[in-house]
Amino acid sequence: MRAPRPARLRPLDVVRLGGTGLRTRPLRVFLSALGIAIGVAAMVAVVGISGSGQAEVDRRLDALGTDLLRVAPGRSLAGERVRLPVEAVPMIRRIPPVRQVAATGAVDAHVYRNDRIAVGHTGSLQVLAADRALLPAVGGQVRRGRWLDAATERYPAVVLGATAARRLDVYAPGTRVLIGGRWFAVTGVLGPVPLAPELDGAALVGGPAARTYLRFDGHPSTVYVRTEDRAVAAVRSVLAATANPGRPGEVQVSRPSDALAAREATESALTGLLLGLGGVALLVGGVGVGNTMVISVLERRPEIGLRRALGATRGQIRTQFVTESLLLSLLGGLGGTFLGTLITAGYALARGWPTVVPPWANAAGLAATLLIGAVAGLYPAVRASRLAPTVALAGS
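So, a few notes on the structure that sits alongside this text. (Residues numbered from 1 in each chain as written. Predicted model: local features only at pLDDT ≥ 70, side-chain atom pairs only at ≥ 80, totals over all residues. Heavy atoms only, no water.)

## Description of the overall build of the chain
Move 1: Check the secondary structure of the chain and you find 12 helices and 11 strands.
Move 2: Out of the 396 residues belonging to the chain, those deemed buried represent 46%.
Move 3: Per element, the accessible surface of the chain, about 20,500 Å² overall, is 60% carbon and sulfur. (Helix = DSSP H or I, 4+ residues; strand = E, 2+ residues; numbered from the N terminus. Buried < 20%, exposed > 50% of the residue type's maximum accessible area, 1.4 Å probe, protein only. Areas by Shrake-Rupley, 256 points an atom, 1.4 Å probe, with all protein chains shown as cover.)

Written as structure tokens, this is what we have:
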């Protein structure tokens, strides 16, 4: 006669059996789960706070133009000043990571407050032909009046930079100034432009108007390129050849802002901090889970012996204790992710930062706790499964 085969436990039965062991010792379970929760919370909080800090750094550094590159004509081998092709702007615009392109072109003219000013008294002010897209590309703002639009860029209209307005003593839109022997109406006055300070001392005229009234030849003197932050170096490497394919060596391309290097160093330091603190905290939590499970095996020897005597296999005993360890770790992991998110939100709110908790941080926290739970519960589970029924019952 064959021996009866042991009953197979369904997954739901395994979860219920593991949960029963946790419910009988609520205080110990709470303290053990708290150890895991503190570790996960530390990891999530470090990731969240560093992510929030990086978001704040990004917000501040974006104002410094870390994604802004400049293209300007260089000099030939003979030392002569060269010009960028008229087609430079549309060619640069075709580079995939480029988001914005705008240009200014130097105009051979001077701006005067009126026709009574001596010709030589230019005040070192420059006249530039400007694209309509220039202002958003350099992060400038109009302090008074309005910027060039589809209508005003074709007519004798001018926008003055902050320094130019001060030197000309012109602040009210509608005032006329003399440019190249022709009267131009002031439509706006800009505030200071930190990313392009050369615009502060310039009178900006629409490109079509500059060609019509000031004999502008259409060659850009400076091209401002906004690109995706992560692609700054890649775009910079191809800008010269794109702007002037025939003579890339005669094109000057600005280097990325030093603020970009500072951002990368900050991100690297915060990542190292995350790995250090999170790893230590999770290790401490794992030790707590392992200690709880070992004590649980010692205290529950009679239960283990009884189950073995009733026909439970060693594999079922191992599964029971590993499941308990996983449930205990999962409980701590869920509590830790919630606590870490609260800590991040509170800290970011106190500092006035945006709250950023990457989804991968919560997922990694839960995955780490399950891995730690499996490792921490494996030895106690194997130890429990090796107990002979008679030895386990004798312990009662």
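On we go.
## Details of the pairing of strand β8 (residues 182–190)
Move 1: Where strand β5 (residues 142–145) meets β8, 3 bridges bridge the pair, whose relative direction is antiparallel. If you follow Val-142 over to β8, its bridge partner there is Leu-190.
Move 2: Pairing analysis gives 4 bridges linking strand β6 (residues 157–160) to β8, with the strands arranged parallel. Paired with Ala-157 across the two strands is Ala-185, which belongs to β8.
Move 3: If you look at the hairpin formed by strand β7 (residues 176–179) and β8, you'll find 2 residues sitting between the two strands, and Gly-180 has a positive phi there, around 60 degrees. (Pairing = 2+ DSSP bridges.)

## Topic: the pattern of salt bridges
Move 1: Scanning all chains against the criterion turns up 7 salt bridges.
Move 2: When the shortest N-O distance is used, the salt bridge between Glu-198 and Arg-70 registers 2.8 Å. In this pair, Glu-198 is assigned in the loop between β8 and β9 (202–206) and Arg-70 in strand β1 (residues 68–73), connecting sequence segments 128 residues apart.
Move 3: A salt bridge links Asp-149 to Arg-146, with the shortest nitrogen-to-oxygen separation between them at 3.4 Å.
Move 4: Salt bridges sharing partners connect three or more residues here, namely Asp-67, Arg-99 and Arg-226. (Salt bridge = Lys/Arg side-chain N within 4 Å of Asp/Glu carboxyl O.)

## Points about helix α10 (residues 314–351)
Each full turn of the α-helix corresponds to 3.6 residues, which orients residues three or four apart in the same direction.
Move 1: Across its 38 residues, α10 extends 55 Å between first and last C-alpha, which sits within 8% of the 56 Å expected from 1.5 Å per residue.
Move 2: Where α10 terminates, the next one or two residues include Gly-352, which has phi positive at roughly 75 degrees. (Expected span 1.5 Å × (residues − 1).)

## Focus on a nonpolar patch on the surface
Move 1: Taken together, the side chains of Leu-27, Phe-30, Leu-31, Leu-34 and Ile-38 define a hydrophobic patch exposed on the protein surface, amounting to about 510 Å² of accessible area.
Move 2: Topologically, Leu-34 is positioned in helix α2 (residues 26–62). (Patch = residues over 30% accessible without salt bridge, like charges linked within 9 Å, V, L, I, M, F, W, Y side chains within 5 Å.)

## Regarding the pairing of β9
Move 1: Within β9, 5 of the 5 residues are buried, which leaves the element mostly enclosed by the surrounding structure.
Move 2: Of the two faces of β9, the one lined by Ala-202, Leu-204 and Gly-206 and the one lined by Ala-203 and Val-205 are each fully buried.
Move 3: Both strand β4 (residues 126–130) and β9 contribute to a ladder of 5 bridges, which runs parallel. Residue pairing in the sheet places Gln-126 in a bridge with Ala-202 of β9.
Move 4: One ladder, built from 3 bridges, connects β6 with β9; its direction is antiparallel. From the neighbouring strand, Val-159 faces β9, where its bridge partner is Leu-204.

## Considerations on the nonpolar core
Move 1: By size, the foremost hydrophobic cluster in this structure holds 23 residues, and its most contacted members are Val-158, Leu-160, Val-177, Ile-179 and Val-205.
Move 2: Counting residues per element, the ones that place at least two in this core are β4, β6, α5 (162–168), β7, β8, β9 and α6 (207–213).
Move 3: When neighbours within four sequence positions are excluded, Val-177 is seen to be in contact with Val-111, Tyr-112, Arg-113, Val-158, Leu-168, Val-170, Arg-182, Trp-183, Phe-184 and Val-186. (Core = buried A, V, L, I, M, F, W, Y, C linked by side-chain atoms within 4.5 Å. Contact = heavy atoms within 4.5 Å.)

## Some points on the packing of aromatic side chains
Move 1: According to the stated counting rule, one finds 2 aromatic pairs in the structure shown.
Move 2: Relative to Tyr-213, the ring of Phe-184 lies with its centre 6.3 Å away and its plane at 85 degrees, an arrangement referred to as edge-to-face. Of this pair, Phe-184 sits in strand β8 while Tyr-213 sits in helix α6, placing them 29 residues apart in sequence.
Move 3: The buried category is assigned to Phe-184, whose relative accessible area is 0%. (Phe/Tyr/Trp six-rings, centres within 6.5 Å; stacked < 30°, edge-to-face > 60°.)

## Points about helix α7 (residues 232–243)
Move 1: With 12 residues, α7 ought to run about 16 Å at 1.5 Å a step, and its terminal C-alpha atoms sit 16 Å apart, in line with that.
Move 2: All of the buried residues in α7 are Val-232, Val-235, Leu-239, Ala-240, Thr-242 and Ala-243. Looking straight down α7, one finds its buried side chains confined to an arc of 165 degrees; they lie on one side. The exposed set on the far side of α7, more than 90 degrees from its buried face, consists of Ala-233 and Ser-237. (Arc of directions from axis to C-beta.)

## Re the side chain of Thr-242
Move 1: Mapped onto the fold, Thr-242 is located in helix α7.
Move 2: Using a relative accessible area of 19% as the deciding quantity, one classes Thr-242 as buried.
Move 3: Each residue touching Thr-242, except ones within four places of it in the same chain, is listed here: Met-91, Ile-92 and Ile-95.

## Some points on the environment of Glu-228
Move 1: Of note, Glu-228 is situated in the loop between β10 (222–227) and α7.
Move 2: The spatial distance from the C-alpha of Glu-228 to the C-alpha of Leu-68 is 9.2 Å, given a sequence separation of 160 residues.
Move 3: Those residues within four positions of Glu-228 in sequence are excluded, and the remaining contacts are Pro-97 and Arg-99.

## Details of the side chain of Thr-175
Move 1: Within the fold, Thr-175 resides in the loop between α5 and β7.
Move 2: Separated by 2.9 Å, the side chain of Thr-175 and the backbone oxygen of Ala-172 make a polar contact.
Move 3: Discounting residues that sit within four places of it in the chain, Thr-175 has contacts with Arg-113, Val-170, Phe-184, Ala-185 and Val-186. (Polar contact = N/O pair within 3.5 Å; in protein donor to acceptor, adjacent residues only side chain to side chain.)

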